[in-house]
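Okay, here's what each chain looks like letter by letter:
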Amino acid sequence: MDLTPSPDDHRFRQRARDWLGANAPRHRAPAGGAGARQAATAWLARCHAAGWSGLAWPRDWGGQGLSADRLLIWYEEYARTGAPSPLDCTFVGLHHAGPTLIALGSEAQKAFHLPRILQGQSIWCQGFSEPGAGSDLASLRTSGRVEGDILVVNGQKIWSSYAEDADYQELLIRTEPGSARHRGLSWVICDMRAPGITVRPIANMAGETHFAEVFYDDVRIPLSNVVGGLHNGWATAMTTLGFERKTAAMALQLDLSVRVERLIAEAGAAPGSALAETLADLRAEAAGLRAMTWRSVLREGGTPFDGSLVRLTFAELAQRVHRLAAELLGPESLLQGPVMTDYFESYSETIAGGTAEIQRNIIAERILGLPREGRA
Ligand SMILES: Cc1cc2nc3c(=O)[nH]c(=O)nc-3n(C[C@H](O)[C@H](O)[C@H](O)COP(=O)(O)OP(=O)(O)OC[C@H]3O[C@@H](n4cnc5c(N)ncnc54)[C@H](O)[C@@H]3O)c2cc1C
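Description of the structure in this document. (Residues numbered from 1 in each chain as written. Predicted model: local features only at pLDDT ≥ 70, side-chain atom pairs only at ≥ 80, totals over all residues. Heavy atoms only, no water.)

### So, the environment of R200
Piece 1. In this structure, R200 sits in strand β6 (residues 197-202).
Piece 2. For R200, a relative accessible area of 46% corresponds to the partly exposed category.
Piece 3. For the pair R200 and T175, spaced 25 residues apart in the sequence, the C-alpha separation amounts to 24 Å.
Piece 4. Contact partners of R200, with chain neighbours within four places excluded, come to A212, E213 and F215. (Helix = DSSP H or I, 4+ residues; strand = E, 2+ residues; numbered from the N terminus. Buried < 20%, exposed > 50% of the residue type's maximum accessible area, 1.4 Å probe, protein only. Contact = heavy atoms within 4.5 Å.)

What follows is the structure, encoded as structure tokens:
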């Protein structure tokens, strides 16, 4: 694979670098609450006004229609500048709800929702996981009963990131009575202000409450909010997860190299010391991760499941990098908000978007061709 940048790539990189250097906020945004939403939407609106939002969205829907390699360049510059994490409350709308609507939504759904997402006017969350249906998503039980042109929804979701801030939710429910597993599901647009919805925040171990349980008690959702066909929600959800795993991963993976370089600069390790060796290993692994990311995004010579390899490599490396950052600060790290927050939050990397065990199952079965689980 030839990764030599063209003169056009250089120009694009410089343009991204200049703009981010002049515009990216200098201070870390508040971790939660109205301040976090305000900071995230203001940053998105600023990007949008300058033509830097919806980078992978088609031009017809207000995006920039950038190719995958340009997107990688953008995220490298984004990480280098220390711009706000793309994993804020605008993430679901921009990176998987919006793209799902573009791929499978009706014209009316696209016309209403896409401009609002792109300009930071509406925030989305995801309602897929349930107690007892996380890794095994197909066992979900939240139901939607068809009554005329309405779905009446009852049940519970959990771990819904930014549900408290959200205006809309991509909600996966069982709509065909008596159906099992992947059949009979529907992906619907749920208005988070609808009567019958209760959002109960959950604190993570960093003390932050950006995810929540969501309860549905006879919530009425118009059938016109179904995306990708009634009872065809599994296919729509797989489209969503495909988008989610791609862009989220890309931005975070590229950010990790920058974190490692920062750690090396701050550690002041004596040449030849054990610490210098550890840092050199991390730098080499981060360089490997970058190469894996480029290869998997540009899809040259790989398999469609390479994303799991990259995701797992990233998740486990991120935990080691953040742990070392906390250890180097010693007891002082307990007082250093962002270092400890990043350390605690890194534990979620081997859970969110598919746990490390599930990624290993995918690698074993789909890439290495080992026997499928339970059928050895
Ligand atoms: C930070 C964060 C944000 C999240 N945001 C959202 C969100 O916005 N919306 C949403 O719907 N969900 C969200 N999730 C939920 C996430 O998708 C689930 O936590 C994840 O899929 C795991 O499901 P679970 O928690 O039910 O664990 P379980 O599936 O119950 O797994 C428990 C343990 O068993 C292991 N295990 C399960 N099955 C197997 C198997 N077949 N083989 C080997 N080991 C197995 C798992 O690896 C894990 O260690 C989020 C999670 C986190 C951490």
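So much for the structure itself; the text now carries on.
### Some words on the packing of aromatic side chains
Piece 1. Under the counting rule described, the total for this entry stands at 11 aromatic pairs.
Piece 2. Here the aromatic rings of F12 and W52 are separated by 5.8 Å at their centres, their planes lie at 55°, and the arrangement is tilted. Here W52 lies in the loop between α2 (33-49) and α3 (68-81) and F12 lies in helix α1 (residues 7-23), a separation of 40 residues in the sequence. Here F12 and W52 have matching classes, each one buried.
Piece 3. With a centroid separation of 5.7 Å and an interplanar angle of 35°, the aromatic rings of Y343 and F344 are classed as tilted.
Piece 4. Joined through ring pairs, the aromatic side chains of F12, W19, W43, W52, W74, Y75 and Y78 make up one cluster.
Piece 5. Here R116 stacks its cationic end above the ring of F112, 3.7 Å away from the centre of that ring. (Phe/Tyr/Trp six-rings, centres within 6.5 Å; stacked < 30°, edge-to-face > 60°. Lys NZ or Arg CZ within 6 Å of the ring centre and 35° of its normal.)

Without other data, these values stay purely geometric and don't point to any function.
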